[in-house]
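# Structural overview for review
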Amino acid sequence: MHIPAHEIAFDFDGVVADTFRLFVEMAKTEYNIDIEYEDITEYDFMRVVKMDYTHVAQIFETLTNFPHEVDLKPNTGAADVLARLARTAPPLSVITARHVGEPVHRWFEKHIPQIGAGLLTVKATGESTAKLAILKSMGVKYFVEDRVDTCHLIAKEGITPIVYDQPWNRDGHSYAVVKCWDDISAMIDWEGSR
Ligand SMILES: [Mg+2]
């Protein structure tokens with residue numbers, strides 16, 4: 001793939017941020033629940049993880065509102081590639097199903113401060129299905145996502161999904177898969193995007 005830098009956008013949780021790794025850690029430290037990351041084989045993970053729903057909700061509450069205050073790390077290599085993209089083809093576009101975008105901005109300020117305030121667009125759609133209209137309106141042609149159902153939805157409308165490899169997205173699709181941010185960087189046409 002030779003993706004023009006201005007045509008690609010990114011999901012946040014599970015793609016830019018290592019959200020579910022932290023979820024597993026918080027389940028252990030706060031509720032003494034052991035979850036193997038590789039056992040999260042469904043996006044709707046309550047189907048495969050035995051955990052009290054109120055505890056899940058409390059962890060998500062923290063991850064949603066205070067991602068910059070807990071130890072939510074960028075996936076390896078994400079910071080460098082995203083900073084380069086923001087320089088090459090501003091603004092960098094992040095489209096999340098989260099309900100609020102402001103905490104994501106604060107997370108970027110903490111972890112990838114080299115992306116200046118004006119160089120980042122965060123769209124919080126509130127639900128996964130609403131990503132399609134936003135992506136279309138922004139002219140996004142390639143979207144890196146970890147939820148297969150969202151990939152199906154956008155693929156039908158001519159947006160090319162790129163699956164960020166996770167235990168919950170290995171079946172049921174034939175889209176391009178990236179295992180790390182070096183893989184994403186290798187797909188981008190950096191020279192042609194200048
Ligand atoms: Mg995600």
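From a predicted model like this one, the values you see are computed outputs, not experimental measurements.

## With respect to the overall build of the protein
For the protein, the helix and strand inventory stands at 7 helices and 6 strands. What you see in the protein, going N to C, is helices and strands ordered as β-α-α-α-β-α-β-α-β-α-β-β-α. A compact globule built from 194 residues would reach a C-alpha radius of gyration of about 16 Å, and the protein, at 16 Å, matches this within 12%. Counting only C-alpha atoms and orienting by the principal axes, one finds that the protein spans roughly 50 × 35 × 30 Å. For the protein, the residues scored as buried account for 28% of the 194 residues in total. Considering only residue pairs separated by 6 or more positions, the protein has 63% of its internal contacts joining residues 24 or more positions apart.

## A closer look at the nonpolar core
In terms of nonpolar packing, the biggest core is built from 39 residues, with Ala 9, Val 16, Leu 82, Leu 92, Val 94, Phe 143 and Val 144 touching the most fellow members. Looking at this core, the element that brings in the most residues is helix H3 (residues 78-88), giving 5 residues. Formed jointly, this core draws a minimum of three residues from each of two domains, domain 1 (5-17 + 74-187) and domain 2 (19-65).

## Quick word on the domain arrangement of the protein
Each assigned domain of the protein is listed here: domain 1 (5-17 + 74-187) and domain 2 (19-65). A C-alpha centroid distance of 22 Å is found between domain 1 and domain 2. Counting residues at the interface gives 8 residues for domain 1 and 11 residues for domain 2. Split by residue class, the side of domain 1 that touches domain 2 holds 4 nonpolar, 1 polar and 3 charged.

## Here's the deal with the environment of Asp 146
Structurally, Asp 146 is set in the loop between strand E4 (142-145) and helix H6 (148-155). Residues Asp 146 and Asn 169, spaced 23 residues apart in sequence, show a C-alpha to C-alpha distance of 6.5 Å. Once residues lying within four places of it in the same chain are set aside, the contact partners of Asp 146 are Asp 11, Gly 14, Val 15, Val 163, Tyr 164, Gln 166 and Asn 169.

## Looking at helix H4 (residues 102-111)
Note that an α-helix has 3.6 residues per turn; residues three or four places apart therefore point the same way. Residues Pro 103, Val 104, Trp 107 and Phe 108 constitute the buried set of H4. Burial along H4 is one-sided: seen end-on, the buried residues are contained in an arc of 145°. When the buried face of H4 is taken as reference, the exposed residues oriented beyond 90 degrees from it are Glu 102 and Lys 110. The inward-facing, buried residues of H4 contact helix H2 (53-65), strand E2 (92-96) and strand E3 (120-124).

## Here we look at the environment of Lys 131
Within the fold, Lys 131 resides in helix H5 (residues 131-138). With 25 C-beta atoms counted inside 10 Å, the residue Lys 131 sits in the buried group. With residues up to four places along the chain from it excluded, the contact list for Lys 131 reads Ile 95, Ala 97, Thr 125 and Thr 150.

## So, the environment of Asp 11
Its location among the elements puts Asp 11 in the loop between strand E1 (8-10) and helix H1 (19-31). Take Asp 11: there are 22 C-beta atoms within 10 Å of it, and that puts it in the buried class. Each C-alpha atom of the pair Asp 11 and Glu 145 lies 5.3 Å from the other, and the pair is 134 residues apart in sequence. Discounting chain neighbours no more than four positions away, the residues touching Asp 11 are Ile 95, Thr 96, Val 144, Glu 145 and Asp 146.

## Some words on the pairing of E2
In regular strands, side chains alternate between the two faces of the sheet. Across the 5 residues that make up E2, a large majority, 5, are buried. As judged from the 5 bridges shared by E2 and E3, these two strands associate in the parallel manner. The residue bridging Ile 95 from the neighbouring strand is Lys 123, located in E3.

Each value, and the rule that gives it
- Residues numbered from 1 in each chain as written.
- Predicted model: local features only at pLDDT ≥ 70, side-chain atom pairs only at ≥ 80, totals over all residues.
- Helix = DSSP H or I, 4+ residues; strand = E, 2+ residues; numbered from the N terminus.
- Rg over C-alpha atoms; globule rule 2.2 N^0.38 Å.
- Buried ≥ 20, exposed ≤ 12 C-beta atoms within 10 Å, placed from the backbone.
- Contact = placed C-beta atoms within 7 Å.
- Core = buried A, V, L, I, M, F, W, Y, C linked by C-beta atoms within 7 Å.
- Domains from an automatic or database assignment.
- Nonpolar A, V, L, I, M, F, W, Y, C, P; charged D, E, K, R; others polar.
- Arc of directions from axis to C-beta.
- Pairing = 2+ DSSP bridges.

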